[in-house]
Amino acid sequence: MSEIIYTSEPSGTCPVQAEGTINGYPFYFRSRHMRWSIRVARNKDGDPFDDDAWYFEEDYPSKEGEEHLRRVSAGYAAKEECIKFIERCAETFISKEL
């Protein structure tokens, strides 16, 4: 189980960004263009932008009927969508990396 504490909840547009910790490990989330991603420091006192940070990204899912907007859609991702992505990635990080 992961504990996510936000220092900055998902907000903004182009990009949507968030920061915080996952079980004490700093993370950075970004959603822009067609992709969303997360970086998590491998040490609790580390930086999510260190070269050895855990990194995951995937295509932002297009909504039916909005495929023509796919090129920019991730930059307008809803807060709730971003939180679900972060939660899913947090579980993967915890299960695979720790």
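These numbers were taken from a predicted model, which means no experiment stands behind them. (Residues numbered from 1 in each chain as written. Predicted model: local features only at pLDDT ≥ 70, side-chain atom pairs only at ≥ 80, totals over all residues. Heavy atoms only, no water.)

Read from one edge of the open sheet, five strands run β1-β2-β3-β4-β5, paired in antiparallel fashion. For this open sheet the edge positions go to β1 (4–11) and β5 (54–59), each flanked by a neighbour on one side alone. Within this sheet the neighbouring strands show an average axis-to-axis angle of 10 degrees, counted without direction. Inspection of the sheet shows strand β2 (residues 16–22) paired to strand β3 (residues 25–32) by seven bridges, in the antiparallel sense. Paired with Ala18 across the bridge in β3 is Phe29. Sheet strands touched by helix α2 (residues 79–97): β1, β2, β3, β4 (35–40) and β5. Its angle to β1, the strand with the most contacts, is close to 145 degrees. (Pairing = 2+ DSSP bridges. Helix = DSSP H or I, 4+ residues; strand = E, 2+ residues; numbered from the N terminus. Axes fitted to C-alpha atoms, helices over the stretch in contact; angles between N-to-C directions. Contact = heavy atoms within 4.5 Å.)

Moving on to the pairing of β2. For a regular strand, side chains alternate in direction, first toward one face of the sheet and then toward the other. Covered by surrounding structure in β2 are Val16, Ala18, Gly20 and Ile22 only, the residues Gln17, Glu19 and Thr21 on the alternate face being uncovered. Taken together, β1 and the strand that follows it, β2, pair antiparallel across an intervening segment of four residues, in which Gly12 is found at a positive phi of about 90 degrees. Linking β2 to β3, which pair antiparallel, is a turn of two residues; within it Asn23 sits at a positive phi near 50 degrees. (Buried < 20%, exposed > 50% of the residue type's maximum accessible area, 1.4 Å probe, protein only.)

With respect to the helices and strands, Thr92 occurs in helix α2. The exposure class assigned to Thr92 is partly exposed, which follows from its relative accessible area of 29%. Once the C-alpha coordinates of Thr92 and Ser2 are considered, the two residues, 90 residues apart in sequence, prove to be 9.6 Å apart. What Thr92 contacts, discounting residues up to four positions off in sequence, is Trp54 and Glu97.

Another aspect to go through is the pattern of salt bridges. Any two side chains of opposite charge can pair if their charged atoms end up close together. A full pass over the atoms with the stated rule returns four salt bridges. With its nearest N and O atoms 2.5 Å apart, the salt bridge here joins Glu9 to Lys79. One end of the pair, Glu9, is in strand β1; the other, Lys79, is in helix α2, with 70 residues separating them in the sequence. Taking the relative accessible area as the measure of exposure, Glu9 reaches 41% and is therefore partly exposed. Taking the relative accessible area as the measure of exposure, Lys79 reaches 33% and is therefore partly exposed. For Asp59, the salt bridge is made with Arg35, and the minimal N-O distance between the two is 2.1 Å. Of this pair, Asp59 sits in strand β5 while Arg35 sits in strand β4; the two residues are 24 residues apart in sequence, bridging distant segments of the chain. For Asp59, a relative accessible area of 38% translates into the label partly exposed. Since its relative accessible area comes to 30%, Arg35 is described here as partly exposed. Taken together, the shared-partner salt bridges connect Arg35, Glu57 and Asp59 into one network. (Salt bridge = Lys/Arg side-chain N within 4 Å of Asp/Glu carboxyl O.)

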